[in-house]
Amino acid sequence: AREQLDESSPYFGTPQLLPMANAENPRRVVEVNSAAAEYGGQQAAQMFIRDVTERVRFREELERRADELQAKLWGQLQETQHLRVFLENIINALPARLLVLDQNLKVLHANSAYLRQRRLPREQVEGQHIAEVFPASLLEEAGLRQAMENTLRTGDRVRWAGFRQATEEHTERI
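Going along each chain's sequence as written, the residues are numbered from 1 onward. Side-chain atom pairs in this predicted model are given and counted only at pLDDT of 80 or more, local residue features only at pLDDT of at least 70, and totals for whole chains, interfaces and linings cover all residues. To get the side-chain values, take all heavy atoms of the structure and skip hydrogens and water.

The subject of this paragraph is the overall build of the chain. Strands are runs of DSSP state E lasting at least 2 residues, helices are runs of H or I lasting at least 4, and numbering of each runs from the N terminus. Scanning the chain from terminus to terminus reveals 7 helices and 5 strands. Helices and strands appear in the chain in the N-to-C order α-β-β-β-α-β-β-α-α-α-α-α. Residue burial is assigned from relative accessible area. The probe radius is 1.4 Å, only protein chains are included, and a residue is buried under 20% of its type maximum, exposed over 50%, and partly exposed in between. Burial status across the chain gives 23% buried among its 174 residues. A contact between two residues is defined here by any heavy atoms of the two lying within 4.5 Å. Contacts spanning at least 24 positions in sequence make up 30% of the contacts within the chain whose residues lie at least 6 apart. For the chain, the accessible surface area stands at approximately 13200 Å², while carbon and sulfur atoms represent 53% of it. Only the protein chains shown count as covering a residue, and every accessible area follows the Shrake-Rupley method with a 1.4 Å probe.

This part covers the environment of L99. Along the chain, L99 turns up in strand 4 (residues 99-101). Looking at L99, the relative accessible area reads 18%, which means it is buried. Sequence separation of L99 and A113 is 14 residues, and the distance between their C-alpha atoms is 9.9 Å. Once residues lying within four places of it in the same chain are set aside, the contact partners of L99 are V107, H109, A110, Y114, V125, I130, V133 and F134.

Once that is clear, we can look at the nonpolar core. In this text, buried Ala, Val, Leu, Ile, Met, Phe, Trp, Tyr and Cys residues form a nonpolar core when linked through side-chain atoms within 4.5 Å. Membership of the largest hydrophobic core comes to 14 residues, with the highest contact counts inside it found for L99, Y114, V125, I130, V133 and F134. Leave out the neighbours within four places in its chain, and I130 touches L99, L101, L105, L139 and M148.

With that settled, the discussion passes to the sheet that holds strand 2 (residues 28-39). In short, DSSP must find at least two bridges between two strands for them to pair. Sheet architecture is open: 3 strands sit in the order 1-2-3, paired in antiparallel fashion. What marks the edges here is a single partner per strand, and that holds for strand 1 (16-20) and strand 3 (42-51). Looking at each pair of strands side by side, their axes are set apart by 35° on average, direction ignored. Together, strand 1, strand 2 and strand 3 form the strand contacts of helix 2 (residues 53-93), whose direction differs from that of strand 2 by roughly 130°. For helices, the fitted line uses only the C-alpha atoms of the stretch in contact; every axis is such a line through C-alpha atoms, and the angle between N-to-C directions lies from 0 to 180 degrees.

In this scheme, patches are assembled from residues that exceed 30% relative accessible area and form no salt bridge. Like charges are connected within 9 Å, while nonpolar side chains (Val, Leu, Ile, Met, Phe, Trp, Tyr) are connected within 5 Å. One speaks of a salt bridge when a side-chain nitrogen belonging to Lys or Arg is within 4 Å of a carboxyl oxygen belonging to Asp or Glu. Residues L83, F86, L87 and I90 make up a contiguous nonpolar surface patch of about 380 Å² in total accessible area. Looking at where L83 falls in the secondary structure, it is placed in helix 2.

Among all positions in helix 7 (residues 144-154), only L144, R145, A147, M148 and N150 are buried. In this fold, the buried residues of helix 7 make contact with strand 4, helix 5 (130-133) and helix 6 (136-141). Looking one or two places after helix 7, you find G155, whose phi comes out positive at around 85°.

Here the focus is the pairing of strand 5 (residues 107-110). Along a regular strand, successive side chains alternate from one face of the sheet to the other. One ladder, built from 3 bridges, connects strand 4 with strand 5; its direction is antiparallel. Bridge pairing links L99 to A110 in strand 5. Counting the residues in the hairpin turn of strand 4 and strand 5 gives 5 residues, including L105, whose phi is positive at 65°.

Here it is in structure tokens:
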């Protein structure tokens, strides 16, 4: 409490938490606030003492639960990353050419069969919009873009029967 009264102290005006114990309450915490005062013409100190045991226990419990949740979240993140690698390995092992697109029709993943057949490095395909990967004739005239957009809009599978022969711009048959 003296430090709270000394203006040069880093504790000046700052409440202090003090542990207390007795036979009835083995662990109690009190908050002590003190301020300089004058009493009867003499320098004095006012002290305010408040039991904050429940508040301290509540904070400790919150911290414990936050640590548990963080550990659980970290474990789930690790599991998700392992599953992603696992699924990418499955997709890459498929003999069929496969592109994984996001809702904006950007290529998230191109499997090994696709990259081999097109003779393209992964960096040239992934992250690109489908219109940069496929020529407009395949996307628009054959209805491939419309089929993909229908699937995104409705969530339903769309059977696309717009198979076409290879073009000069796109040397594979789809």
